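Commentary on secondary and tertiary structure
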Amino acid sequence: MRLITLFFTCLLLAAPARAGELVYVVSMGSAMPMTDFRDGVLVGGLLKEFGDALARELHLTPRYLTVPRKRVEAPLAGGQADILCDLRPEWLDGKDWLWSEAIFTNNEIVTTRIDTAAVRRVGELRRQRIGTILGYRYAHLEQPLGEEFIRDDASSDDLNLSKLLRKRFVYMLTNSLYFDYQRKVHPERALLNPVAFKVTSFDTYCALPQRGKLNLPTLDKAIQALKRRGEIQAMLERFRPG
């Protein structure tokens, strides 16, 4: 009887702590300036700054659950997390998520080393091995190239950049926020081509489960408040070196 009483007491004590948290799912596939991981723990980067600011706006305590890219939807579906940010609907399998208004604007680009001419058109990528991220979808190349789109998957942008610099492949698919940052801070930045081919521009959003802790109007109101005060733009500027 005492064990049963103790069990329910623990549940009651744990409930307020979980209720006062905002648990984010964060993919281990990203890198600075989006995410800075130390021993698998998110300690900095644009996503953490945004997550901390959003949680403050919602009067909640942020907590970050880091998972491999292909597992990002599982904690949201299983109730272990509340929100997933910096993604697009077509990048995920689940079709029932609720999507916020845009948080960041970015560009999908194909990059090269300085000793390689920049790509000028999609057709130049036919049957070329291209550095990509495991679990990511690249519809703007998959559709026009079909079976001639040859992926060389790695688990993160940083691993792909290392492979590009080591000449494991000639072309790398990434985003401009990441690559512009690396061209400023990477020890071998002089080897990176300042000219990149823009595949497409895109906005990213936050996803919520249908019956989760947050409702969409509350989330959108908080994002709008951060934008109105210039906080999101200030974050972007802090992670845009030079």
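Residues numbered from 1 in each chain as written. Predicted model: local features only at pLDDT ≥ 70, side-chain atom pairs only at ≥ 80, totals over all residues. Heavy atoms only, no water.

Before going further, it helps to spend a moment on the overall build of the chain. Secondary structure assignment for the chain yields eight helices and 11 strands. Taken along its principal axes, the extent of the C-alpha atoms in the chain is 70 × 40 × 30 Å. Residues counted as buried form 48% of the 242 residues belonging to the chain. Summing over all exposed atoms, the chain offers an accessible surface of approximately 12,700 Å²; the carbon and sulfur share of this is 54%. (Helix = DSSP H or I, 4+ residues; strand = E, 2+ residues; numbered from the N terminus. Buried < 20%, exposed > 50% of the residue type's maximum accessible area, 1.4 Å probe, protein only. Areas by Shrake-Rupley, 256 points an atom, 1.4 Å probe, with all protein chains shown as cover.)

The full count for this structure, using the stated rule, is two cavities of 30 Å³ or more. In this structure, the largest cavity occupies an estimated 380 Å³ of space. Lining the largest cavity are 26 residues, and of these Ser30, Asp86, Trp91, Tyr136 and Asn175 sit closest to its centre. At the level of elements, β1 (21-27), β5 (83-87), β7 (104-111) and β10 (171-175) are the ones that each hand at least two residues to the lining of the largest cavity. By residue number, the principal contributor to the lining of the largest cavity is β5, which donates four residues. By residue class, the composition of the lining of the largest cavity is 16 nonpolar, five polar and five charged. The wall of the second largest cavity is formed by Tyr24, Val25, Val26, Leu42, Leu47, Phe50, Gly51, Tyr64 and Cys85. Those elements that provide at least two residues to the lining of the second largest cavity are β1 and α2 (46-57). Split by residue class, the lining of the second largest cavity holds eight nonpolar, one polar and no charged. (1 Å grid on protein atoms, 1.4 Å probe; cavity = no way out; pocket = protein on both sides within 12 Å on 5 of 7 lines; lining within 4 Å. Points joined across faces, edges and corners; volume = space filled by probe spheres on them. Nonpolar A, V, L, I, M, F, W, Y, C, P; charged D, E, K, R; others polar.)

Bringing the nonpolar core into the picture now. Counting 33 residues, the largest nonpolar core has Tyr24, Phe50, Leu54, Ile83 and Phe104 as its most contacted members. Listed by contribution, the elements that provide at least two residues to this core are β1, α2, β5, α6 (176-185), β11 (197-208), α7 (216-228) and α8 (231-238). Residue contributions to this core peak at six residues, all from α2. Core analysis: the next-biggest nonpolar cluster, separate from the first, contains 16 residues, Val25, Leu76, Trp97 and Trp99 among them. (Core = buried A, V, L, I, M, F, W, Y, C linked by side-chain atoms within 4.5 Å.)

Relative orientation of the contacting elements helix α5 (residues 157-165) and α6 amounts to 55 degrees, with a least axis distance of 12 Å. Taken together, the axes of α5 and α6 lie oblique to each other. Note that α5 runs across α6; the crossing there is right-handed. Every residue of α6 that contacts α5 at Asp157, Asp158 and Leu161 is listed here: Tyr178, Phe179 and Gln182. In terms of residue class, the contact of α5 with α6 is made up of three nonpolar, one polar and two charged. (Axes fitted to C-alpha atoms, helices over the stretch in contact; angles between N-to-C directions. Parallel < 35°, antiparallel > 145°, perpendicular 65-115°, else oblique. Left-handed = near helix turned anticlockwise from the far one by under 90°. Contact = heavy atoms within 4.5 Å.)

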